[in-house]
Amino acid sequence: MRSESRKGYWLYLIPGAILLTVIIIVPLAWNVYLSFTRYRGIKPPIWIGLDNWKELFQDADFWASFQHSIVMVVAMVILPTAFGLFLASLLFDLVGRRFNGKIMGLLRAVYYLPQILPIAIAAIVVGWILRPEDGALNDLLKAVGLGGFQHNWLGSPDTALLSIAAVLVWIQIGYPVVVFMSALQRIDPQLYEAAELDGANWFQRFRAITLAGIRPEIFVVVLTCTVAALKVFGPVYALTRGGPGSSTIVPSYYSYTEFFTAQRVGYGATIATALTVVVLAVAIFFVRAQFRLADQEEQ
Amino acid sequence: MALAATLLVTACSGGSDAAGSSDIDTAPKGEGQTLTVWTYEDKTSAMGIAWEEAMKKFTEETGAKVDFQLKSFEQINQSASQVLNSDSAPDVMEYNKGNATSGLLSSQGLLTDIGPAVEAYGWADKLSSSLQTTARYSDTGVMGSGNWYGIPNYGEYVQVYYNKDLFKKYDLEVPTTLDEFTQVLQTFKDQGITPLAESAQEYPLGQLLYQLALMNADRKWVTDYQTYTAPADFHDANWTAAANTLKEWVDKGYISKNSTGQKAQDAGDAFIAGTNPIFFSGSWWYGNFTTSNKFDWGTFLFPGAKLSPGSSGNLWVVPENSDAKDLAYKFMDITMSPEIQNLLGNSGGIPVAAEPDAITDEKSKDLITNFTTLNDQDGLAFYPDWPAPTFYADLNSSLQELVNGSKPVDAVLDQLQTDYDKGVKEIDG
């Protein structure tokens, strides 16, 4: 009786399964196939076996791009999550209790604003700010007597990647703040009061109540941001196009240039496939870690 | 007269080997039909103005309507292969010339071999041999020989723009040799002025490097480099001298180190603002300077050079999937007619087949005269980034390292060699 009624559920999965197949699985399989071919995008691909993969492993630009991804993970995951936790608990715990909710809402919105801004527009504005000759940052440094620190921010290999990273921290920070603040509303305020009465200071309350309470959200933020950091493309495309030299090249931008500029679709597909493998591995790692932790808590 | 000689140059290389002209109808009737035309030139540009007139004339002569669609350069560049492979391809389209663009599409069978039309309309007689180079492609898509896949109807080249007011202020003459040019740069530097407006994030600096390499180069060197007739050596005397000179100019402050963080527009803007008195770039800036510059300015060909970056403009190509090819050829022929070519010239463009006496605009005359001089001496050397699809980005990134000093000259040349060889292998192999 029960299995009969369950059979009916499968029908509801069909539309989703079709969409998943058409939009995700088929292109993914095609992409993997192309990574074993030489293909310029028009005439049929030619099978070349592992040649692209062999080239990939010896390609200095490819490895450089993955090293830059690590910087992107710091800029888009580690720093925003850490700051986000701090800001969210500050807003919730201090600002929210001492001032009215409107101020807290306003501050939250301000942090979230860069997330709403289209990356192309943000990048144009940032590009202006960082211009070497008449950019706002250099002008500002000069105006406050720090002219010695003026720099060709996006045009020097020593600061280009860090400049993009700084922009990404700014863009990214609103996301964890908003997620963590809504998570914090789940926590019973009495816990904080009780801890406070027991003499726990702010940091102790933060560690024992806040951190422990919103752990699932931290997992979600870290996972989604890590995936976003590995796939980052927009700011690199708009600000530096991978330069100067190859000092800001990242895997998705590299794959894009191979696809559309070099017309080496096969090799571009190889980079994209390698990136997909890494993203999947990271996602599986996080999801399993989260399940493990949830299991431990249940026990 | 010199103008006449070049503008009506007789082609020296023969026409296409393709079938005779018998199957081309040079007076097609188009009642009830529509010709779809895609271009990416702004309507207010010289080409935009001339082609709009051409469309009117086309409708008068053939009775066919024109469905004109203005696209962006990037839009056509990035999606051409997909669009031309579909049944929504236009009948005639403006497309970028070179191995990586028109060459690639022709080698993949997406463009019509227009040889018969070239013969029927006599277009080859209107184009000098260097202008023909970008119109013909081999089976593998390498320019310079093989079938005709496009027709250019305007030209472009790179020259020196200079701020006459500032030259006058410091008592400077237009230089005629590289040494004199260097002295001019030094004079400005002595006055605390960075002489050259440059950008290493985009093309201007790459073209300057190429120009310096061209100082002692000959046509064979250019042909070898652009069409792989002999291996290019980035450690040869020409490239080495060019890279060393450029490095020296950066070290002496003729070029700002900040150019690594600047785009072409930034460099152009700095020239317009009067910050830097010299800008070495393409004729495509001409119209902009005419309207924006608040000072007296002029142009000259790079001093002491017989060869300079330059080529035909973009091409009219006919997609293989077009079903109105005779009408497409007719339209192309109208854009090559004296009436439209003269209009192009008088609107600030560089026509390839105008009647010299009909060009009345003084500024346009200057622009066309420089082009004529260059074309007369077989001086159009194409562009440094053409030989390989990614070489534009490769060249810019290498030059950024040269300007930064993060790589020595030798290592920069090594990098260019690697990138060039890799790209050429992809096209040729």
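Reading guide: rules and limits
Residues numbered from 1 in each chain as written. Chains lettered and ligands numbered in written order. Predicted model: local features only at pLDDT ≥ 70, side-chain atom pairs only at ≥ 80, totals over all residues. Heavy atoms only, no water. Helix = DSSP H or I, 4+ residues; strand = E, 2+ residues; numbered from the N terminus. Rg over C-alpha atoms; globule rule 2.2 N^0.38 Å. Buried < 20%, exposed > 50% of the residue type's maximum accessible area, 1.4 Å probe, protein only. Contact = heavy atoms within 4.5 Å. Areas by Shrake-Rupley, 256 points an atom, 1.4 Å probe, with all protein chains shown as cover. Lys, Arg positive; Asp, Glu negative; His and termini not counted. Charge placed at Lys NZ, Arg CZ, Asp CG, Glu CD. Salt bridge = Lys/Arg side-chain N within 4 Å of Asp/Glu carboxyl O. Polar contact = N/O pair within 3.5 Å; in protein donor to acceptor, adjacent residues only side chain to side chain. Nonpolar A, V, L, I, M, F, W, Y, C, P; charged D, E, K, R; others polar. Phe/Tyr/Trp six-rings, centres within 6.5 Å; stacked < 30°, edge-to-face > 60°. Lys NZ or Arg CZ within 6 Å of the ring centre and 35° of its normal. Axes fitted to C-alpha atoms, helices over the stretch in contact; angles between N-to-C directions. Parallel < 35°, antiparallel > 145°, perpendicular 65-115°, else oblique. Left-handed = near helix turned anticlockwise from the far one by under 90°. Expected span 1.5 Å × (residues − 1). Bend = angle between axes of the 7 residues up to and from the residue. Core = buried A, V, L, I, M, F, W, Y, C linked by side-chain atoms within 4.5 Å. Pairing = 2+ DSSP bridges. pLDDT = per-residue confidence, 0-100. Patch = residues over 30% accessible without salt bridge, like charges linked within 9 Å, V, L, I, M, F, W, Y side chains within 5 Å.

Asker: Can you walk me through the overall build of chain B in this structure?
Answerer: Within chain B, the secondary structure is distributed over 18 helices and eleven strands. Against the 2.2 N^0.38 benchmark of 22 Å for 429 residues, chain B shows a C-alpha radius of gyration of 22 Å, consistent with a compact globule. Based on the C-alpha atoms only, the size of chain B along its principal axes is roughly 70 × 50 × 35 Å. A total of 429 residues make up chain B; the buried ones form 61% of that total. Taking contacts inside chain B between residues at least 6 apart in sequence as the whole, the part at least 24 apart equals 78%. When the accessible surface of chain B is totalled, it reaches about 15,700 Å², and 48% of it is carbon and sulfur. Taking the 28 positively charged and 58 negatively charged side chains of chain B as two groups, their mean positions are separated by 5 Å.

Asker: Can you walk me through the overall build of chain A in this structure?
Answerer: Secondary structure summary: chain A contains 14 helices and two strands in total. Its C-alpha atoms put chain A at 80 × 75 × 30 Å along the principal axes. Going through the 299 residues of chain A one by one, you find that 43% of them count as buried. Counting every atom, chain A has about 16,700 Å² of accessible surface; 69% of that belongs to carbon and sulfur. The positive charge centre, built from 22 side chains, and the negative charge centre, built from 19, are 6 Å apart in chain A.

Asker: Teacher, can you tell me more about the interface of chain B and chain A here?
Answerer: Interface size is commonly expressed as the accessible area that is lost once the parts come together. With 29 residues of chain B at the interface, the matching set in chain A holds 24 residues. Measuring nitrogen to oxygen at the nearest pair gives 3.3 Å for the salt bridge that ties Arg131(A) to Asp266(B). At the junction of chain B with chain A, the criterion picks out eleven residue pairs in polar contact (both at pLDDT 80 or more). Taken together, the elements giving at least two residues each to the side of chain B that touches chain A come down to α3 (73–84), α4 (99–107), α17 (391–404) and α18 (409–428) of chain B. Residues belonging to the side of chain B that touches chain A are distributed by class as follows: six nonpolar, 17 polar and six charged.

Asker: Could you clarify how one ought to interpret the packing of aromatic side chains in this entry?
Answerer: Centre-to-centre distance and the angle between the planes together describe a pair of aromatic rings. This model, assessed by the stated rule, comprises 62 aromatic pairs over all chains. Pairwise contacts between aromatic rings join Tyr161(B), Phe271(B), Phe279(B), Trp285(B), Tyr286(B), Phe289(B), Phe295(B) and Trp297(B) into one cluster. Positioned above the aromatic ring of Tyr237(A), the side-chain terminus of Arg241(A) is 4.2 Å from the ring centre. A cation sits over an aromatic face here: Lys71(B) above Trp38(B), 4.2 Å from the ring centre.

Asker: Explain the packing of helix α8 (residues 174–184) of chain A against helix α11 (residues 215–230) of chain A to me, please; I cannot follow it from the model alone.
Answerer: Between two packed helices, what matters for the description is the angle formed by their axes and the separation of those axes. All names here are of chain A. The contact between α8 and α11 brings their axes to 10 Å, and the two run at 160°. Of the possible angle classes, the one that applies to α8 and α11 is roughly antiparallel. In the crossing of α8 with α11, the sense of the turn from one axis to the other is right-handed. Residues Tyr175, Pro176, Val179, Phe180 and Ala183 of α8 touch α11, and the partners they reach there are Glu217, Ile218, Val221, Thr224 and Cys225. Among the residues making up the contact of α8 with α11, the classes are represented as eight nonpolar, one polar and one charged.

Asker: Honestly, the side chain of Ser130(B) in this entry has me stumped. Any pointers?
Answerer: Locating Ser130(B) in the fold gives a position in helix α6 (residues 129–133). Those residues in contact with Ser130(B) that lie beyond four places of it in its chain are Arg219(B), Asn375(B), Asp378(B), Leu380(B) and Phe382(B).

Asker: Would you mind showing me how to read helix α3 (residues 60–98) of chain A here?
Answerer: Each full turn of the α-helix corresponds to 3.6 residues, which orients residues three or four apart in the same direction. All names here are of chain A. Its 39 residues place the ends of α3 54 Å apart at the C-alpha level, agreeing with the 57 Å of an ideal helix rising 1.5 Å per residue. Taken as a whole, α3 carries its principal kink of about 30° at Val74. Sitting at the head of α3, Asp59 places a side-chain oxygen 3.0 Å from the backbone nitrogen of Asp61.

Asker: It is not clear to me how the environment of Thr59(B) should be interpreted in this structure. Could you clarify?
Answerer: Residues and elements named next belong to chain B. As for its placement among the helices and strands, Thr59 is situated in helix α2 (residues 46–62). Overall, the relative accessible area of 31% leaves Thr59 in the partly exposed class. Residues Thr59 and Ser86 lie 27 residues apart in sequence; the distance between their C-alpha atoms is 26 Å. In this structure the side chain of Thr59 is engaged in a polar contact, spanning 3.2 Å, whose partner is the backbone oxygen of Ala64.

Asker: I tried to follow the nonpolar core on my own but got confused; where do I start?
Answerer: The nonpolar side chains of soluble globular proteins are, as a tendency, buried together. In this structure, Leu208(B), Trp249(B) and Phe302(B) are the most contacted members of the largest nonpolar core, which totals 79 residues. Excluding residues within four positions of it along the chain, Leu208(B) makes contact with Leu196(B), Glu198(B), Leu246(B), Trp249(B), Ile255(B), Phe280(B) and Phe302(B). Ranked by size, the runner-up nonpolar core spans 67 residues in total, among them Met76(A), Leu141(A), Ile249(A) and Tyr267(A).

Asker: Would you explain unusual backbone geometry in this entry?
Answerer: The backbone of Gln263(A) sits at a positive phi, close to 55°, despite the residue not being glycine. For Gln263(A), the location among the structural elements is in the loop between α13 (251–260) and α14 (265–298). Here Gln263(A) falls in the buried class, since its relative accessible area comes to 12%. Phi angles above zero are rare outside glycine, and Asp171(B) is one such case at about 60°. Mapped onto the elements, Asp171(B) comes out in the loop between α7 (164–169) and α8 (178–190).

Asker: Help me out: how do you make sense of the pairing of strand β3 (residues 92–95) of chain B in this one?
Answerer: The side chains of a regular strand alternate, residue by residue, between the two faces of the sheet. Residue and element names in this part refer to chain B. Here β3 shows two buried faces, one formed by Val92 and Glu94 and the other by Met93 and Tyr95. With three bridges joining them, β3 and strand β11 (residues 315–317) adopt antiparallel strand pairing. Looking at the pairing, Tyr95 lines up with Leu315 of β11.

Asker: Would you mind showing me how to read the confidence of the model for chain B here?
Answerer: Any region with low pLDDT has predicted coordinates that should not be read closely. All names here are of chain B. Chain-level pLDDT for chain B is 90 on average; 94% of the residues reach the 70-or-more range. Confidence over residues 1–21 falls short of pLDDT 50; this stretch has 47 contacts with residues more than four positions distant or in other chains. Two numbers describe this predicted complex: its pTM, 0.82, and its ipTM, 0.73.

Asker: Quick question: what am I supposed to make of a nonpolar patch on the surface here?
Answerer: All names here are of chain A. Nonpolar side chains collect at one region of the surface, where Tyr9, Leu11, Tyr12, Ile14, Ile18, Leu19, Leu20, Val22, Ile23, Ile24 and Ile25 lie side by side and expose about 1,200 Å² of accessible area between them. Mapped onto the fold, Ile24 is located in helix α1 (residues 2–34). Since its relative accessible area comes to 46%, Ile24 is described here as partly exposed.

Asker: Looking at this model, I keep getting lost on the sheet that holds strand β6 (residues 151–152) of chain B. Mind explaining?
Answerer: What holds strands together in a sheet is hydrogen bonding between their backbones, with the strands either parallel or antiparallel. Residues and elements named next belong to chain B. Strand order in the open sheet formed by five strands is β2-β1-β3-β11-β6, and the pairing between neighbours is mixed. In this open sheet, the two strands that pair with only one neighbour each are β2 (65–70) and β6. Taken together, the two bridges between β6 and β11 define a ladder with antiparallel strand orientation. Along β11, the bridge assignment pairs Ile151 with Trp316. Contacts from α2 reach β1 (34–39), β2, β3 and β11 within the one sheet, and its direction differs from that of β2 by about 160°.

Asker: Honestly, the pattern of salt bridges in this entry has me stumped. Any pointers?
Answerer: Counted under the stated rule, the structure contains 15 salt bridges over all chains. For Arg219(B), the salt bridge goes to Asp378(B), with nearest N and O atoms at 3.2 Å. Note that Arg219(B) is positioned in helix α10 (residues 219–227) and Asp378(B) in the loop between α16 (362–376) and α17, a separation of 159 residues in sequence. Assessed through its relative accessible area of 32%, Asp378(B) is described here as partly exposed. Across the pair Lys325(B) and Glu320(B) runs a salt bridge whose closest N-O atoms are separated by 3.1 Å. Because the salt bridges share partners, they merge into one network encompassing Glu55(A), Glu258(A) and Arg264(A).

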